[in-house]
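Overview (structure and organization)
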Amino acid sequence: MRIEWPTLGLIALCYCVWTGALFLPVWAGLPVLAVAIALQASLQHEVLHGHPFGDRRLGEPLVFASLNLAIPYIRFRETHLAHHRDANLTDPYDDPESNYLDPAVWEGLAAPLRRLLAWNNTLLGRMVLGPVISQVAFMGEDWRLIRSGDRAVLWAWVAHVAASAVVIALVALSPLPIWAYLLACYGGLSILKIRTFLEHQAHDRARGRTVIIEDRGPLAFLFLNNNLHVVHHMHPKLPWYRLPQIYFNNRDKYVRRNGGYRYASYGQIFRRHLLRAKDPVAHPLYPQK
């Protein structure tokens, strides 16, 4: 399509739901806002890959203001596109979205911090503490870049603060308290941690590092089918609504490609990993690289 109407329509629906939730009672508005905030982050991901117009610059104004208030769109775009260099997937230094640490760094951490990061490697820990831990690490690295003179990173944050001020001003005009909106932001980021929890694993081959989760339920929709993550990494220009057909028509090929790194559903992931870590924090293959 010259214009991908399903994506454009979903962007409009997302903002309608977000706006309507601002006028609900707090107890009802919070979960709806959290879902809308998570959905907008998924739509930001679609836009940075060139949807719904093909020319990314046409779509970016629609999602530039991050409803989660935490992640500047420009920084999300730049770090995520760097993440798509599959040869670097899971590398503690070269993959901006890696959850692994260099084993030497891990060994040098204080025991309380190691326990905290180990709990963060359970799904429950990732949802409860993950938004704080990742935000502190993300902002710390960006602050280091700004101090070293990286004007592009500084501009990304200046633009993000300005856009976030507009979001906060709109919330302030609604009946919803600001503190409640901040809780909803945390809830939205927590939901997103379900998606990123095990998208990638340490593997000696790049093609074995990316997961398949054969879920077709609400979370798959909220994540715009990025649970079929190996398909997205192989075909990053495919729109979200084509991923299931491409995967299920060629299921055996994709399962062979990633060496069977597959889950049947998000329910299976919750059962296996809610309280049990899937991975160590220290990259298990890093010394051999």
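The structure under discussion appears in the preceding block.
An account of the accompanying structure is given in this report. Bear in mind the structure is a predicted one, so any value in this text is a computation, not a measurement.

For the chain, the helix and strand inventory stands at 15 helices and two strands. Taking 19 Å as the expected radius of gyration for a compact globule of 289 residues, we find that the chain reaches 19 Å, a close match to that expectation. Counting only residues that meet the buried cut, the chain has 50% of its 289 residues in that class. Contacts spanning at least 24 positions in sequence make up 69% of the contacts within the chain whose residues lie at least 6 apart. Here the chain carries 30 positive and 21 negative side-chain charges, and the mean point of each set is 3 Å from the other.

For the coordinates displayed, the defined rule picks out ten aromatic pairs. An angle of 40° between the planes, with centres 6.0 Å apart, marks the rings of F138 and W157 as tilted. Separated by 19 residues along the polypeptide, F138 in helix α8 (residues 130-147) and W157 in helix α9 (residues 151-172) bring together distant segments of the chain. Both residues of the pair, F138 and W157, belong to the buried class. Put simply, the rings of F221, W240 and Y241 pair up and form one aromatic cluster.

Our next topic: the state of the cysteines. The full count for this structure, using the stated rule, is zero disulfides. Here C14 stays unpaired: no disulfide links it, and the sulfur of C16, its closest cysteine neighbor, is 9.3 Å away.

Along helix α15 (residues 266-273), the residues that are buried comprise Y266, Q268, I269 and H273. One side of α15 carries all its buried residues, which in axial view fall inside an arc of 150°. Sitting at the amino-terminal end of α15 is S265, which places a side-chain oxygen 3.3 Å from the backbone nitrogen of G267.

Moving on, we get to the pattern of salt bridges. Within the structure shown, the criterion is met by eleven salt bridges. A salt bridge links D55 to R57; the shortest N-O distance between them is 3.1 Å. Accessibility expressed as a relative area gives 30% for D55, which makes it partly exposed. Of the charged contacts in the structure, one is a salt bridge between E60 and R77, with a shortest N-O distance of 2.8 Å. One end of the pair, E60, is in helix α3 (residues 56-63); the other, R77, is in helix α4 (residues 73-83), with 17 residues separating them in the sequence. Summarising the burial analysis for this pair, E60 and R77 share the class buried.

Reading guide: rules and limits
Residues numbered from 1 in each chain as written. Predicted model: local features only at pLDDT ≥ 70, side-chain atom pairs only at ≥ 80, totals over all residues. Heavy atoms only, no water. Helix = DSSP H or I, 4+ residues; strand = E, 2+ residues; numbered from the N terminus. Rg over C-alpha atoms; globule rule 2.2 N^0.38 Å. Buried < 20%, exposed > 50% of the residue type's maximum accessible area, 1.4 Å probe, protein only. Contact = heavy atoms within 4.5 Å. Lys, Arg positive; Asp, Glu negative; His and termini not counted. Charge placed at Lys NZ, Arg CZ, Asp CG, Glu CD. Phe/Tyr/Trp six-rings, centres within 6.5 Å; stacked < 30°, edge-to-face > 60°. Disulfide = S-S within 2.5 Å. Arc of directions from axis to C-beta. Polar contact = N/O pair within 3.5 Å; in protein donor to acceptor, adjacent residues only side chain to side chain. Salt bridge = Lys/Arg side-chain N within 4 Å of Asp/Glu carboxyl O.

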